[in-house]
Amino acid sequence: MHKFIATLSGAVFVATMGAMAAPADLAPRILPKPAAPGPSVQPYVKYPAGRLALTHVRLIDGTGAPAMSERMIVIADGKIVSVGSSSDAPPADATVLDLAGHTVLPGIVGMHDHMYYIGRPNLDSTGHSDEPVLAPQMTFTAPRLYLANGVTTLRTTGSVEPYTDLNLKRLIDKGTVPGPHMDVTGPYLEGADSFFVQMHELRDAKDARETVAYWAGQGATSFKAYMNITRAELKAAAEEAHKRGLKITGHLCAVSYPEAAALGIDNLEHGFYVNTQLDPGKKPDVCPNTVGLPTLVAMTPDSPVAAALIKDLVAHHVAVTSTLPVFEDTGRGLAPLRPAAMAVLSPQAREAYLFERDAIAKMSPAKAKDRATAYRNNIGLERRFVAAGGLLLAGPDPTGDGGVIPGFADLREVELLVDAGFTPEEAVKIATWNGAVYLGLQKRIGSVAAGKDADLLVVKGDPSHDIADIQNVELVFKDGVGYDSAALLESVRGRYGEY
Ligand SMILES: [Zn+2]
């Protein structure tokens with residue numbers, strides 16, 4: 001939900017951090033013992049769980065290590081058994097897949113991966129739409145799009161229909177619906193005067209506490225604060241989540257990044273885009289109309305204020321989620337959508353995307369200049385944050401808006417990280433290993449190594465040479481079951497934006 005940061009009307013506060021319980025072990029909840037794919041999942045299964053040897057592959061293992069060629073990866077019973085050389089003999093009982101010309105990567109851990117679309121009623125070519133903006137659930141298409149594009153674990157990062165998302169997770173885990181492993185985030189923890197009619201507006205800190213407690217009880221495994229939340233509400237929500245060993249992230253505005261770090265937030269969404277600490281006239285607990293743009297335009301990566309902020313975030317162990325695809329349209333120039341991505345859009349979603357592309361092309365030069373500066377500063381800040389030891393996560397914020405589509409955009413995020421100056425291996429690590437570390441699941445997922453879950457992505461080509469090849473997904477393994485990417489995409493052709 002980003003585009004409204006541009007249209008929304010919408011003092012350093014020091015607090016002692018609440019006592020934090022040890023992080024909960026989320027492995028049993030996010031990565032439960034896999035169930036066999038049921039009849040409605042079978043059509044998308046190309047290789048059932050069994051003993052498989054993937055040979056002659058190039059491997060980008062997710063640790064940031066250089067890509068290696070001529071590898072053989074053996075998987076069995078949903079786990080990676082060994083990672084060795086193609087010149088080794090495959091196990092006698094294994095089905096051998098000769099994947100010469102292909103690359104294997106860890107399944108993507110998408111850390112800002114929504115399950116809804118943003119619908120603007122009666123949108124026309126002038127960009128006008130009727131209120132209220134709505135966020136219909138994409139419970140059918142989104143999980144298939146994620147899995148088809150190699151996202152094997154995701155965080156929903158704000159839920160519009162939390163019961164639906166929780167039930168969807170159960171159906172996926174039961175083998176009834178195809179989709180990734182899910183960290184279901186509770187409903188948006190939003191303050192007063194929300195732009196979105198589907199969000200609850202917190203009344204006060206007590207309400208924040210009760211909301212977190214309730215949804216944690218219902219099964220939410222993470223929380224997300226939203227733009228109008230106040231410091232007192234954020235502090236209460238963070239304490240309540242931490243009591244249960246759960247984490248809280250935020251797409252903030254009324255609370256600045258330094259304030260949020262001091263209040264105990266675990267993660268900040270949208271890179272450095274929504275920090276309001278330098279916005280002119282910023283009042284405590286109020287989201288300014290400028291929603292962080294002046295701060296980012298002013299915060300050049302080599303400025304002292306940037307260095308102080310990064311030091312502060314790293315010291316407080318606050319992770320930052322890079323969501324570049326949702327900003328590339330205005331900040332870098334919109335790349336046309338791939339035909340495979342266009343094909344999954346409903347006619348209305350396609351029309352909305354084309355209207356938006358048109359509107360961006362007509363943006364005023366002054367506005368375009370600020371957006372370009374903001375994008376440049378943001379990628380510089382993200383790189384400095386990583387260089388300073390900060391944990392950078394990746395997730396594209398897919399809502400259809402800006403052509404940001406589940407799954408496709410997770411891979412586009414990796415491409416844009418490379419465009420921002422990371423090596424392909426570093427970019428893959430940010431999109432896999434780093435997410436696993438944040439979730440505390442790095443013993444199970446996030447890299448390709450013996451003993452880990454067989455959550456793998458097989459692409460044609462060599463993304464270590466040309467990162468765009470990461471989009472050429474052919475096969476996705478989740479718990480050792482090989483899913484046919486093309487079949488999953490075919491099943492949602494023309495439906496994203498509808499349901
Ligand atoms: Zn979002």
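What comes next concerns the included structure. Just so you know, these numbers come straight off a predicted model, no measurement behind them. (Residues numbered from 1 in each chain as written. Predicted model: local features only at pLDDT ≥ 70, side-chain atom pairs only at ≥ 80, totals over all residues. Heavy atoms only, no water.)

Some points on the packing of aromatic side chains
What describes a pair of aromatic rings is the distance from one ring centre to the other and the angle between the planes of the rings. For clarity, the threshold we go by: For Phe, Tyr and Trp, where Trp contributes only its six-membered ring, two rings pair if their centres lie within 6.5 Å, and the inter-plane angle classes them as stacked under 30 degrees, edge-to-face over 60, or tilted in between. Burial here depends on accessible area, computed with a 1.4 Å probe over protein chains only, as a share of the maximum for the residue type. Under 20% is buried, over 50% is exposed, and the range in between is partly exposed.
Summed over the entire model, instances satisfying the criterion amount to 11 aromatic pairs. Residues Tyr214 and Trp215 carry aromatic rings whose centres are separated by 5.2 Å and whose planes lie at 90 degrees to one another, so their mutual orientation is edge-to-face. Its relative accessible area of 39% is what places Tyr214 among the partly exposed residues. Members of the aromatic cluster, each reached through a chain of ring pairs, are Tyr116, Tyr188, Phe195, Phe196 and Tyr226.

Looking at the coordination of the zinc ion
The test is simple: For Na, K and Ca the donor cutoff is 3.2 Å, while for all other metals N, O and S atoms count as donors only within 2.8 Å; water does not appear among the atoms, so some sites may look incomplete.
Of the protein atoms, only His112 (NE2), His114 (NE2) and Asp397 (OD) coordinate the zinc ion, at distances of 2.1 to 2.3 Å. Counting the intervening residues between successive donors of the zinc ion yields the motif H-x1-H-x282-D. Both residues of the pair, His112 and His114, belong to the buried class.

Regarding helix α8 (residues 304-315)
Using the following cut-off: Comment: elements are numbered from the N terminus, with helices defined as DSSP H or I runs of at least four residues and strands as E runs of at least two. Every helix has an expected span of 1.5 Å times one less than the residues it contains. Working definition: the arc comes from the directions between the helix axis and the C-beta atoms, pointing outward to the latter. Contact criterion: two residues are considered in contact whenever any of their non-hydrogen atoms come within 4.5 Å of each other.
Between the first and last C-alpha of α8 there are 16 Å, a value that for 12 residues agrees with the 16 Å anticipated at 1.5 Å per step. Every buried residue belonging to α8 is among Ala306, Leu309, Ile310 and Leu313, and all of these are buried. For α8, the arc enclosing every buried residue in end-on projection is 95 degrees, short of the 170-degree limit, so these residues lie on one face. In α8, the exposed positions angled more than 90 degrees off the buried face are occupied by Pro304, Lys311 and Ala315. Looking at the buried residues of α8, the elements they touch are α6 (257-263), β12 (267-268), β13 (319-322) and α12 (365-387).

A closer look at the sheet that holds strand β9 (residues 181-183)
Threshold: Any two strands with at least two DSSP-identified bridges between them are counted as paired. Orientation is described by lines fitted to C-alpha atoms, with helices fitted over the stretch in contact, and by angles between N-to-C directions that extend from 0 to 180 degrees.
Taken together, three strands build an open sheet; the order of strands is β7-β8-β9 and the sheet is parallel. Looking at strand neighbours, the two that pair on one side only are β7 (108-110) and β9, the edges of this open sheet. Each strand of the sheet is rotated relative to its neighbour by a mean of 15 degrees, with strand direction disregarded. Of the pairings in the sheet, the one linking β7 to strand β8 (residues 151-155) comprises three bridges and is parallel in character. Bridge pairing in β8 links Ile108 to Val151.

Shape is all these values report; function is a separate question.
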